[in-house]
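Chain and residue survey
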Amino acid sequence: MSNFDPNQPVQQVYVQFAPKPQSNGLAIASLILGIVGAALSLIPIAGIFLCWLPALLAIIFGFIGVGTANRAGGFRRTQAIAGIVCGFLPVPIILILLALVVPFSASSGS
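Here's a quick rundown of the structure. (Residues numbered from 1 in each chain as written. Predicted model: local features only at pLDDT ≥ 70, side-chain atom pairs only at ≥ 80, totals over all residues. Heavy atoms only, no water.)

The next subject is helix α1 (residues 25-40). Between its first and last C-alpha atoms α1 spans 22 Å; for 16 residues at 1.5 Å apiece the expected length is 22 Å, and the two agree. Every buried residue of α1 is accounted for by A27, S30, G34, G37 and A38. Down the axis of α1, the sector holding all buried residues measures 95°, keeping them to one side. (Helix = DSSP H or I, 4+ residues; strand = E, 2+ residues; numbered from the N terminus. Expected span 1.5 Å × (residues − 1). Buried < 20%, exposed > 50% of the residue type's maximum accessible area, 1.4 Å probe, protein only. Arc of directions from axis to C-beta.)

On the secondary structure map, A18 appears in the segment before α1. Accessibility expressed as a relative area gives 67% for A18, which makes it exposed. Between the alpha carbons of A18 and R77 there is a distance of 22 Å; along the sequence they are 59 residues apart.

To continue, consider the packing of α1 against helix α3 (residues 52-71). A pair of packed helices is captured by two measures, namely the crossing angle of their axes and the spacing between those axes. The interhelical angle for the contact between α1 and α3, taken along N-to-C directions, is 155°, at an axis separation of 8 Å. Here α3 runs roughly antiparallel to α1, going by the angle between their axes. Here the hand of the crossing between α1 and α3 comes out left-handed. Side by side, α1 and α3 meet where L26, A27, A29, S30, L33, G34, V36, G37 and L40 of the first sit next to P54, A55, L57, A58, F61, G62, I64 and G65 of the second. Looking at the contact of α1 with α3, its residues break down into twelve nonpolar, five polar and no charged. (Axes fitted to C-alpha atoms, helices over the stretch in contact; angles between N-to-C directions. Parallel < 35°, antiparallel > 145°, perpendicular 65-115°, else oblique. Left-handed = near helix turned anticlockwise from the far one by under 90°. Contact = heavy atoms within 4.5 Å. Nonpolar A, V, L, I, M, F, W, Y, C, P; charged D, E, K, R; others polar.)

Take unusual backbone geometry next. The phi dihedral of R76 is positive, around 65°, even though this residue is not glycine. Structurally, R76 is set in the loop between α3 and α4 (77-88).

Under the 1.5 Å per step criterion, the end-to-end length of α3 is 29 Å for 20 residues, consistent within 8% with the ideal 28 Å. All buried positions along α3 are accounted for by P54, A55, A58, I59, G62, G65, V66 and A69. Taken around the axis of α3, the buried residues stretch over an arc of 140°, which confines them to a single face. Residues of α3 that are exposed and angled more than 90 degrees away from the buried face: W52, F63 and R71. The first or second residue beyond α3 is G73, which carries a positive phi of 80°.

Next up on the list: the side chain of S30. Tracing the backbone through its elements, the reader meets S30 in helix α1. Taking the relative accessible area as the measure of exposure, S30 reaches 0% and is therefore buried. When neighbours within four sequence positions are excluded, S30 is seen to be in contact with A58, F61, G62, A80, G83 and I84.

Structure (structure tokens):
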């Protein structure tokens, strides 16, 4: 004894999926390039020449990523800000390394 009646209409179920969240690839790129730029700035001599391009791109992508995050409701805004900070990080590192290297090179040359 089943309650199934072949004369009854079949009820259809509609499934609605949640919308896919917007991506903010520039925020992720900014963070990665900022970390790479900061890591390259730690190389004693070559870091001065190697770190400026990833750091500059991290700053540019970070500011664009913050703007995109503001339009997307704050999605990955923190990563974009961290990318900006990491992009500016090589500047004091290079200045400190230059302050340490220049006096030693001047004293060893005479």
